[in-house]
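Spelled out from the first residue to the last, the chains are:
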Amino acid sequence: MAALVIDVKDLRKTYRTPFRRKKVEALRGVTFGVERGHIFGFVGPNGAGKTTTIRTLMGLIRPTGGSATILGHAIPSRQARFKVGFLPESPYFYDYLTIGELLDLAGRLFGLGAHERDQRANALIGRVGLERARTQSLKKFSKGMLQRAGLAQALMNDPELVVLDEPTSGLDPIGRKDVRDLILELRDQGKTVFFSSHILTDIEAIADRVAIVARGQLQAHGTPSELVDRNKRLGVDVIVHVAADANVDGLTANASKIRRVADELALLLPADADVDAWLASARELGARVVSVEPRHETLEDLFMQKVGETVAG
Amino acid sequence: MKPLLGRIWAIALNTFREAARIRVLYGILVLVLGSNLLAIVLGRMSIHEEQRVARDIGLAGIALFGSLTAIFLGVFLLYTEVQRRTIHAIVSKPIERWEFVLGKYLGMAVVLTILVALFALAMMGMLAWQHVGVSSAVVKALLLAWGEVLTVAAIAIFFSSFSTPFLSGIFALAMWVIGRVTPDIETAIKTGSAWIRGVAHVALEIVPDIHLFSPSGRTIDGQAVSVHADFVSWGYVGLSWLHGLGWIAALLALACLLFHRRDFA
């Protein structure tokens, strides 16, 4: 295996609540690796430990156990941070700055010269589509614009590794697509992207590898095809139109997830159901078939299963 | 060395921009102008002491409002970075936390220096109105007031590195007041009970001697001095500044250490 860009071993973080000093285990031994040139999706429900993991990697939080390296440097490492771009969750920036001033500040912290700062800032402002907001202070930016500004400052140092905490959170569909396209573009440039999300379609659409985290522990880790068996049939989705007063008890006997609105009946038949026989019964009742579609396992199914297991456990 | 200074300066510049937007500072400027007008009025009311009264009130205004501004800026500027999470996008870049703390202090110091210069200009305007020239004693007093303000800023930023603005403000204010009355504490050591002597000794050890910056009424080498008198030498000003710089360095080092250990969750 090639050298890992991020190598996390048994990472632990325990907090103490302010007054009662009660222990809260935010991370309970997280282990995973991110290979160079990959898009790595880090997925989990709210409070799973995604942001704690990312903040620990970025040196904002001190781990209470385990170890992690970024680009071969043990965290927290200033050398590594020279080559890393980071977008925090729901980014907060100095709202009195313009986008140009924000990027200039970021460039100064990376030690870039004035000419280089200017060049990169101009290119990035164009890349994230904020040219028209150039003279506005960040205070007047919408959430989507702030997210774009955050992406621009994360790329100011032309990083080898880009760490994005919930980059599509709060964006409209066009904004989400733009971010997904940007992530794919970064991978095409040879960069490694590590991003967290709880929007599974985003992860499924672009991630080369996925890790599912819940309750501070890794529940699954691998490529989407390793994690999800796309040949595994979970059932058959059927939609028919049937008279509103027709008795459909015989049709729904073995089905799950039954939904009937006016004359439309939608249900999920078991994977081993005799669909031909079911359709024949439906036609006898005068039903008209709208669609029949096999349902295969998706990342969402796996996610719900893994998160459900931790909740039950 | 150059990249290090560049990073610290970047934070300082940003802190300056942030502080310059705080409207309270403009209110304080107005208060200082008001105190100078009051100095003129009170000077007129005194009998043959117009110049001394005007100068005393002018200088006291600079030290008082400068120090209060230093506490206000010191307790808020560092804390709000953590509270608003603006610090997340900063310390995840190749900057050490101690560089960040130094940058914040430097930015504050620039703001406070400009404020003290403006206060001084206002006072000199008031003195000119009273037909009083600016003597070297006044320049020395202004330098001492500037040193006091920068020392108080370091006290505030030290408390702000681990506490909330409310508590930091109380602690910093207490330290400033105690530091201002060190001659009284020294008297307490000589005359008070054993318990008072113990507390006074501890207070003198852990609090900067801010009274050095305002030496009126102090006894130095057996002589009672007044800051307005010519026998406050340049050497005294230099030594007071050295005392202040020593405390600034120690307080900032402690602030850096405490800030280094913090989690930004």
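This structure is a prediction, so every number in the text was calculated from the model and none was measured. (Residues numbered from 1 in each chain as written. Chains lettered and ligands numbered in written order. Predicted model: local features only at pLDDT ≥ 70, side-chain atom pairs only at ≥ 80, totals over all residues.)

S.K.: Whenever I open this one, the overall build of chain A confuses me. Can you help?
M.R.: Per the secondary structure count, chain A includes 11 helices and 14 strands. Across its three principal axes, chain A shows a C-alpha extent of roughly 80 × 45 × 45 Å. Put simply, 70% of the contacts in chain A that link residues at least 6 apart link residues at least 24 apart. (Helix = DSSP H or I, 4+ residues; strand = E, 2+ residues; numbered from the N terminus. Contact = placed C-beta atoms within 7 Å.)

S.K.: Help me out: how do you make sense of the packing of helix α5 (residues 97-129) of chain B against helix α10 (residues 234-260) of chain B in this one?
M.R.: Relative orientation and spacing of two packed helices are given, respectively, by the angle between their axes and the distance between those axes. All names here are of chain B. Two elements in contact, α5 and α10, have axes separated by 9 Å at closest approach and are oriented at 135°. By the criterion of interaxial angle, the relationship of α5 to α10 is oblique. The handedness of the crossing between α5 and α10 is right-handed. Residues Arg97, Trp98, Val101, Leu102 and Tyr105 of α5 form the contact with α10, whose own contacting residues are Leu252, Ala255, Cys256, Phe259 and His260. Taken together, the residues of the contact of α5 with α10 sort by class into 8 nonpolar, 1 polar and 1 charged. (Axes fitted to C-alpha atoms, helices over the stretch in contact; angles between N-to-C directions. Parallel < 35°, antiparallel > 145°, perpendicular 65-115°, else oblique. Left-handed = near helix turned anticlockwise from the far one by under 90°. Nonpolar A, V, L, I, M, F, W, Y, C, P; charged D, E, K, R; others polar.)

S.K.: What's the story with the sheet that holds strand β1 (residues 4-16) of chain A in this structure? I'm lost.
M.R.: Adjacent strands of a sheet form backbone hydrogen bonds with each other and so pair up, either parallel or antiparallel. Residue and element names in this part refer to chain A. In space, the 4 strands of this open sheet follow the order β2-β1-β4-β5, with antiparallel pairing throughout. The open sheet is flanked by β2 (23-35) and β5 (73-74), the only strands paired with a single partner. With 10 bridges joining them, β1 and β2 adopt antiparallel strand pairing. In the strand pairing of β2, Thr14 is matched with Glu25. Sheet contacts for helix α1 (residues 50-57): β1, β2 and β4 (65-70); angle to β1, the most-contacted strand, approximately 115°. (Pairing = 2+ DSSP bridges.)

S.K.: What am I meant to see in the sheet that holds strand β12 (residues 256-261) of chain A here?
M.R.: Residue and element names in this part refer to chain A. Read across the open sheet, the 4 strands follow the order β12-β13-β11-β14; overall the sheet is antiparallel. At either margin of the open sheet sits one strand with a lone partner, and together these are β12 and β14 (288-296). Neighbour to neighbour, the strand axes of the sheet diverge by 10° on average, direction disregarded. Sheet contacts for helix α10 (residues 275-284): β11 (233-241), β13 (264-269) and β14; angle to β14, the most-contacted strand, approximately 155°.

S.K.: Sorry, what's going on with the interface of chain B and chain A here?
M.R.: Interfaces are often described in size by the accessible area the parts lose on coming together. Every contact between the two is made by 23 residues of chain B and, on the other side, 23 residues of chain A. The set of elements that each furnish at least two residues to the side of chain B that touches chain A consists of α1 (2-20) and α4 (88-91) of chain B. Looking at the side of chain B that touches chain A, the element that brings in the most residues is α1 of chain B, giving 7 residues.

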